[in-house]
Amino acid sequence: MLGDILFIIFLMMGSCYCIKIWAHSQSFSLYQTAWLFGLWVYHLLIGLVFYQYILSNGGDSYRYWAIDSGNPETSNGWWYLFGTGTNFMYWFNYPFSQIAGLSYLSGTILYANLSYFGFLLAFQLSKASFNKFSDRIFYQVIVLSLFFPNVHFWTGGIGKEAFLWLGLMMVLTGIHYFSDKFILIIIGLLLSLMVRPIQGLVLTISVLMVLPFHKTLLPYRKKIFPLAIFLIASIFVYRYIKGSLIYGFNLEWIGDLLEWQNQFLASFGGASAVDMQGYNWIEKLVTIFFRPFIWEAGDFWSLAAGIENTFLAVVFCIAVYSLFYLKGRINIPLYLWTALIYGMLLSVLFSITLNNLGIIMRMKSISIPFFIIIASYLYFEAATRRAKV
C-alpha cells in the first residue's frame, strides 16, 4: 500500500514537472500551459473511470497487469515474456506488478500518464497547424478533438491502445518535424509493431505512402518512390508468406481466417454483436464510423458511444460540405495525410475482421481525433477562403 502511494506521488510530481518543462520548451503561454494541465487532469479522471469499469465488468486490461504465473507462457520469468502483442504487455507490466508488487490502480495511473504524452504531442501539432487561422480557432479545435472522451477512456488505462496512441503520435510528430525528429518515426513504428503488429504494419504502410512527398525528400523522389513501393509490397508479401507457412500457399486461407475471426467474436454473443458478414460495404463502413446509433443504446456506455457517434456524423457532414466548397482539394499538412490514410486503412480492415460494436469503439478510438482535426481544418480553410471572396 505504501509503495503504491509513493509510486503514484512520484508519477504525479514527475508528470507535473515534465508538462511545465515541455510548455516552457515550446514557448507556450500561461493560458496554453493551463490547457495542458487541464487536459492532463481530464485524462487522469477518465482513466479512473476506465479503472472502475474494468473492476466492475472485467476485461483484458486486468489480465495484462495481474499476470497468471500458472500459465506456462508467463511462468519462466520476465525476459522470457518479451515478444509482440499480449506478450509485450506482460513483459512491460511484469517489473511493476510482479516484482514491485504495485496494484492495478498504480498501473492505471502509470498508463494514463504515459499515454498523456501522446496528447502533449497532439496539442503541439494542432497548435502548429491551426496558427494560420487564429488562437480562437485553435482552442475550438482542441476542445472538439483532444477532449473527445472515447480516446481518453481507452488510452487512460492499462491496455494496448495507450501504447498505440503514443506510438501514433510519435510517428506523426516525426513526420511534421522530419528534419529534427525523424527518430520519433522509428520509435513510434517499433512501439506500434510490438504492441499490435497488424496496426503497426498499417501505420508503416501509411508512412511509406506519405513520406516520399515530404518537401525535404522531394529532390530524391526518383529513388524514394520505387523504394517506398517496394517496401509496401514487401509487407504484403511478408504477411502472405507468414500465413502460408501455417495454412498453405493458396489464397483460400485468407477467407477462412476471416471467417474464423468473425465466428470467434460472434461466439461471445451480447447485444453489441452485429452481422457484418451480411452487410454491403457502405453498411460496413457506416457501422465502423457511426454505430452504435443513439437509438440503439441499451445502457449508459452504449448511450455515451451513441452520443459521440452522432457528433461524428455531424463532423462528417461538415467535412463533406467543406470539401464541396474547396472543390475536392484537400490541402492539409503531411502528418494529417498520414493519420487520414492510417484511419481509412484501419476502417477497411476492421470492417472485414470485427463484428462487435464495443470492440469497434475501442479499436477506432485512436484515429477518431484526427478525423475531427481534419474536418475542422477543411472547414476553417473553406471559411477563410469564403471570407476573402
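In this report, we go over the structure that sits alongside the text. (Residues numbered from 1 in each chain as written. Predicted model: local features only at pLDDT ≥ 70, side-chain atom pairs only at ≥ 80, totals over all residues. Heavy atoms only, no water.)

### Here's the deal with helix α9 (residues 178-195)
Each full turn of the α-helix corresponds to 3.6 residues, which orients residues three or four apart in the same direction. Look at α9: 24 Å from first C-alpha to last across 18 residues, which is about the 26 Å you get at 1.5 Å a residue. Of all the bends in α9, the greatest measures close to 25° and is centred on L184. In this structure, the buried side of α9 is in contact with α4 (86-99), α8 (160-176) and α10 (197-210). (Helix = DSSP H or I, 4+ residues; strand = E, 2+ residues; numbered from the N terminus. Expected span 1.5 Å × (residues − 1). Bend = angle between axes of the 7 residues up to and from the residue. Contact = heavy atoms within 4.5 Å.)

### Notes on the pattern of salt bridges
Under the counting rule described, the total for this entry stands at 3 salt bridges. R196 is the partner of E161 in a salt bridge, and the nearest nitrogen-oxygen pair spans 2.9 Å. In this pair, E161 sits in helix α8 while R196 sits in the loop between α9 and α10, placing the two residues 35 residues apart along the sequence. Take E161: its relative accessible area is 3%, and that puts it in the buried class. (Salt bridge = Lys/Arg side-chain N within 4 Å of Asp/Glu carboxyl O. Buried < 20%, exposed > 50% of the residue type's maximum accessible area, 1.4 Å probe, protein only.)

### Topic: the packing of aromatic side chains
We describe a pair of aromatic rings using the distance from one ring centre to the other and the angle between the two ring planes. Tallied over the full model, the rule gives 29 aromatic pairs. Seen in terms of ring centroids, Y31 and W35 are 6.3 Å apart; in terms of plane orientation they differ by 85°. Their pairing is edge-to-face. Taken as a pair, Y31 and W35 lie in helix α2 (residues 30-57) at a separation of 4 residues, close to a single helical turn. For W35, a relative accessible area of 19% gives the class buried. Summarising the aromatic geometry, the rings of F289 and F371 are spaced 5.6 Å apart at their centres and angled 65° between planes, so their arrangement reads as edge-to-face. Of this pair, F289 sits in helix α13 (residues 281-290) while F371 sits in helix α17 (residues 368-388), placing them 82 residues apart in sequence. For the residue pair F289 and F371, the accessibility class agrees, reading buried in each case. Ring-pair connections join several aromatic residues into one group, and the members of that group are F7, F82, F88, W91, F92, F96, Y111 and F163. A cation sits over an aromatic face here: K181 above Y177, 4.9 Å from the ring centre. R362 extends its terminal NZ or CZ atom over the ring of W154, reaching a point 6.0 Å from the ring centre. (Phe/Tyr/Trp six-rings, centres within 6.5 Å; stacked < 30°, edge-to-face > 60°. Lys NZ or Arg CZ within 6 Å of the ring centre and 35° of its normal.)

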